[in-house]
Amino acid sequence: MKNKKQKIKKADVVDRNTDKKWLYSEIVKDHFLNPRNVLTDEINYKFDAKGTSGNPICGDVMTVWLKIDPKTERIKECKWRTYGCASAIASTSMMSEVLTEKGGMTIDKALELTPQEIVKRLAGLPPLKFHCSILGLDALKQAINEFRSKRKK
Amino acid sequence: MKNIYLDYAATTYIDPAVLQKMKPYLTTAFGNASSLYSLGREAKAAIENSREDVAKILGVSPHEIIFTGSGTESANLTIFGIAHAYKDKGNHIIVSKIEHKAVLESAKKLEKQGFKITYLNVDSQGIVKLNELKKALTKKTILVSIMYANNEIGTIQPIKKISKIIRNFRKENPLPAFHSDACQSAGALNLKISGLGVDLLTLNGSKIYGPKGIGCLYVNKNYKIEPLIVGGNQEMGLRAGTENPALIVGFSEALKLAEKLKTKESQRLKKLRDYFIKNILKIIPRSRLNGHPQKRLPNNINLSLPGAEGEALILHLDQYGISASTGSACTSSDLTPSHVLLALGLKEGLAHDSLRLSLGRKTTKKELDYVLKILPKVVSDLRKMAAKY
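A few points on the structure.

The rules behind these values
Residues numbered from 1 in each chain as written. Chains lettered and ligands numbered in written order. Predicted model: local features only at pLDDT ≥ 70, side-chain atom pairs only at ≥ 80, totals over all residues. Heavy atoms only, no water. Contact = heavy atoms within 4.5 Å. Buried area = accessible area lost by both parts, 1.4 Å probe. Salt bridge = Lys/Arg side-chain N within 4 Å of Asp/Glu carboxyl O. Polar contact = N/O pair within 3.5 Å; in protein donor to acceptor, adjacent residues only side chain to side chain. Helix = DSSP H or I, 4+ residues; strand = E, 2+ residues; numbered from the N terminus. Nonpolar A, V, L, I, M, F, W, Y, C, P; charged D, E, K, R; others polar. Buried < 20%, exposed > 50% of the residue type's maximum accessible area, 1.4 Å probe, protein only. Pairing = 2+ DSSP bridges. Axes fitted to C-alpha atoms, helices over the stretch in contact; angles between N-to-C directions. Right-handed = clockwise from strand over helix to strand, strands pointing away. 1 Å grid on protein atoms, 1.4 Å probe; cavity = no way out; pocket = protein on both sides within 12 Å on 5 of 7 lines; lining within 4 Å. Points joined across faces, edges and corners; volume = space filled by probe spheres on them.

1. Quick look at the interface of chain A and chain B
Between chain A and chain B, the residue contacts involve 37 residues of the former and 34 residues of the latter. Both sides together, the interface formed by chain A and chain B hides about 2,500 Å², and carbon and sulfur atoms give 59% of it. Between chain A and chain B we count 1 salt bridge in total. Linking Lys129 of chain A and Glu311 of chain B is a salt bridge whose minimum nitrogen-to-oxygen distance equals 2.9 Å. Taken together, the links from chain A to chain B amount to 8 residue pairs in polar contact (both at pLDDT 80 or more). Going through the elements one at a time, β1 (13-14), α1 (26-33), β3 (49-54), β4 (61-68), β5 (75-83) and α2 (86-100) of chain A are the ones with two or more residues in the side of chain A that touches chain B. Among the elements that line the side of chain A that touches chain B, the one with the most residues is β5 of chain A, at 4 residues. For the side of chain A that touches chain B, the per-class residue count stands at 20 nonpolar, 11 polar and 6 charged.

Here is the structure:
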C-alpha cells in the first residue's frame, strides 16, 4: 500500500533552550560526515593564497587554502579546515566544491559568491545556522585579496 | 545499528511496571476525581494514595504535596508563588547561577517586575559559595532557590549546610523560604526533608523512569504560595484543572521504585562512571572533566574535549548509535554556550567542546567500552579537520 503522507522526520539537533528541532538536509549530512577537500598535510601543501575567518560569538574558525591558475585566475584547488558545528563544516565543504567544479571558478566570480548560493546547494540550512555559511566566504575573500596584493607587488 | 542511550539526564523511558500501574487510569478508570459517584471516587482515591506514597518518601504530610504538570511548573510555582504571597514582606530572591532555566527565567521575569535577584557564584567545580550566600541574605529576602544536583555537570550542593545558614538567619527573621530543585537527584540522593532542611522541593516524573508531563512540589505547611493556575479547587486550590490520575499514579510508582533501587543502582552507576572517566581522560589528550570529581551524581559524566565542537561531536556519535548531549552554543538559539559551564569559569571554547554522557538503568560496561573505542576516534577526526586562529 502506498502511503502518500510523509512521516515527520526525526530531528537532528534539538535547541538546548527552546526545544526547537532542527533538521539537516541529506546533502548537509553527507558533506558533514564525508567532508570534501579537507587539508590534512598542512606542512607540505603548496598554495597560492590562504585566508582565515572566525566568529567570535559562536567560536567557529575556518581556514581556506587556494591554488590559483596565474593565467586564467581560476581556482584549481580549494582546501580547508573548520572548527565548528555540522553546518559550518558542511558549508565549507560545499564551498570548496562550488569553487573548483567545472574547471574552477575565476577569482572575480568567486568574490561574488553569496552565502545564499552555498545554502541553496546544501538544500537549505536551519535559519539559526545561516550565519555558518558566511564564515567560509569571509576566509575565501581574505585569501583572494591576499593573492591579488601579492601579485601587484 | 547499535542503540546506546546516554542521555538519561534529559529524560528516561517509562519503567514497564510503572506503565502497568498507569494503564487502568487511561482506560477503564477514567472518572473525574471531583465526581461523587464511584468512578470519580476511584480516581480520587488513586490520587490521594499517590500523594500519601510521595509524602511518605519525603517524610512529610500529604497536605504538603502538590502535583503539577512538570518540574518546570513546580519551579515556576515556587518562584512566582512565594514572590506574590510574600511581596509585602520583601522583594529579594537569591538563586545560584547554575540553576535550571525554569528557575533562572522565572527569577529574570520577576526582576523585570521590580524584584531584586542575587545570582550566587559557584566555584570551579560547581559548588555554591556559601559565604556569598551568607552575605546576600537581607531582611527583604523572601526566597532562596538552590538546586540539589546540577543537570549538566552533576555537582551536588551541600543542601544541609545551606539550609543551616538559612535557618540561622531565620532565628531573627521570618523569611526566606528555601527551595531546592531535586529533579536530577531522585533515585540517587536522599530525599527526606528532615535531612535536607528545605521548605520547598521540586521533583518530576520524566527523569525517574516515570511519565512526562507530571511534576510535584513539596511546600512546608508554614509557607503559603499563590497559585499560577486558578479555577476549580483541585490540589488544595494551588493548581486548578482536572487531575490526571494516570500521570499522578505513574509518578508516585516511579518514585517508589527509584527509592527502592537507589542504593544498589547508585553504587553500580558510580563504578561505571568512574571507570569511564578514568579511562577516557587517559585516552584522549587534553580532555578534562567538568564538575566535581566526587560530589557528583552517580550517572553524570561531563567532559571538555578541546578542538571537537559539541554539535559536531553529537552528530558523529549519533552515526555510531550513541545518544549524548552538549553545552555548545551551536545547539542553542541565542548562540551562547551553557550558562552552567561558563559559571564554572570555563573559557567559551571549552564550553563549546563539552560532552555530557548521563548513564541509566540500562547502561552496561559493554556499552561504555564501545564509547571508549568510538569517542577518541571521533574527537581525533574532528581535531584533524579543525582550523585554528
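2. Describing the pattern of salt bridges
All names here are of chain B. A complete count under the given rule lists 24 salt bridges over all chains for this structure. For Glu48, the salt bridge is made with Arg51, and the minimal N-O distance between the two is 2.8 Å. Taken as a pair, Glu48 and Arg51 lie in helix α2 (residues 38-58) at a separation of 3 residues, close to a single helical turn. Overall, Glu48 belongs to the partly exposed group, its relative accessible area being 26%. Through salt bridges with shared partners, a single ionic network connects Lys44, Glu48, Arg51 and Glu235.

3. Focus: the sheet that holds strand β7 (residues 200-204) of chain B
Residues and elements named next belong to chain B. The 7 strands are arranged β2-β8-β7-β6-β5-β3-β4 in an open sheet whose pairing can be described as mixed. Of all strands in the sheet, those with a lone pairing partner are β2 (65-68) and β4 (116-120), marking the two edges. Ignoring which end each strand starts from, the neighbouring axes of this sheet average 20 degrees apart. With 3 bridges joining them, strand β5 (residues 141-145) and strand β6 (residues 177-181) adopt parallel strand pairing. Bridged to Ser145 within β6 is His179. Sitting on the sheet, α2 is in contact with β2, β7 and β8 (215-219), with an inclination near 120 degrees to β2. Strands in contact with helix α8 (residues 245-283) are β2, β7 and β8; relative to β7, the strand with the most contacts, it is inclined by about 100 degrees.

4. A few points about the pairing of strand β3 (residues 92-96) of chain B
All names here are of chain B. β3 sits mainly inside the fold: 5 of its 5 residues count as buried. Here β3 runs beside β4; their pairing, made up of 5 bridges, is parallel. Bridge pairing in β4 links Ile94 to Thr118. Once you follow β3 into helix α4 (residues 101-112) and on to β4, the crossover reads as right-handed. Looking at chain direction, β3 and β5 are connected through 4 bridges and run parallel. Among the inter-strand pairings, Ile94 is bridged to a residue of β5, identified as Val144.

5. A word on the layout of surface pockets
The space that makes up the second largest pocket amounts to roughly 250 Å³. Elements with a minimum of two residues in the lining of the second largest pocket: β5 of chain A together with α11 (348-352) of chain B. Per-class residue counts for the lining of the second largest pocket are 7 nonpolar, 3 polar and 5 charged.

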